[in-house]
Amino acid sequence: MMTEKANKTTLTITLGIISLVLLFGGEICHIISDHWPNVLHESDWYHLAVFVGWIFVLFADYFRPVNTKQDKENAGWNFFLIIIAMGFLCILQVFKIQHFTAPIVAVLIITSILAILGCILNYRKWLGIKAQLEKQENEKNPE
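Here we summarise the structure given alongside this text.

Basis of the calculations
- Residues numbered from 1 in each chain as written.
- Predicted model: local features only at pLDDT ≥ 70, side-chain atom pairs only at ≥ 80, totals over all residues.
- Heavy atoms only, no water.
- Helix = DSSP H or I, 4+ residues; strand = E, 2+ residues; numbered from the N terminus.
- Expected span 1.5 Å × (residues − 1).
- Buried < 20%, exposed > 50% of the residue type's maximum accessible area, 1.4 Å probe, protein only.
- Contact = heavy atoms within 4.5 Å.
- Phe/Tyr/Trp six-rings, centres within 6.5 Å; stacked < 30°, edge-to-face > 60°.

**Things to note about helix H1 (residues 4-35)**
No. 1: Under the 1.5 Å per step criterion, the end-to-end length of H1 is 46 Å for 32 residues, consistent within 8% with the ideal 46 Å.
No. 2: Considered for burial, the residues of H1 that qualify are Thr12, Leu15, Gly16, Ser19, Leu23, Gly26, His30 and Ser33.
No. 3: Where H1 is buried, its residues meet helix H2 (44-63).

**Overview of the packing of aromatic side chains**
No. 1: Taken as a whole and assessed by the stated rule, the structure comprises 2 aromatic pairs.
No. 2: Note on tyrosine 62 and phenylalanine 63: the rings are 5.0 Å apart at their centroids and 70° apart in plane angle, and the pair reads as edge-to-face.
No. 3: Overall, the relative accessible area of 24% leaves tyrosine 62 in the partly exposed class.
No. 4: Relative to tryptophan 126, the ring of tyrosine 123 has its centre 5.7 Å away and its plane inclined at 40°; by these criteria the two rings are tilted. Remark: tryptophan 126 and tyrosine 123 occur in helix H4 (residues 102-140); sequence separation between them is 3 residues, near one turn of the helix.
No. 5: You can call tyrosine 123 partly exposed: its relative accessible area is 37%.

If you want it as structure tokens, here you go:
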């Protein structure tokens, strides 16, 4: 039987692989369509794949198990760096989209809602880790 840690690790790896495929796949397709338009035609879906890939990164970080003290101490930095990187790069990808068709807008809306949910979940995870660190510090140094 798999433990909770093993389940979270498996889920994190799965989401990480999916996000890498979306991120690199979208960028590689975009590069190919720029340099060899006869091979792949330019499509806004490439930019959308990168946008969705960043959302998967956010959830992969949320499900990542935090075991070591160093992981706990770096949790806040990881959260803020992912939020800043995700926000900047996602907005950049949205500005690259030229034709906002109904399916593209629908995917953007759904993934934007998921991004907000992922940010909230990651923030709550960070607050929980911060509270654990403070509790451990208080137990170690009682006043």
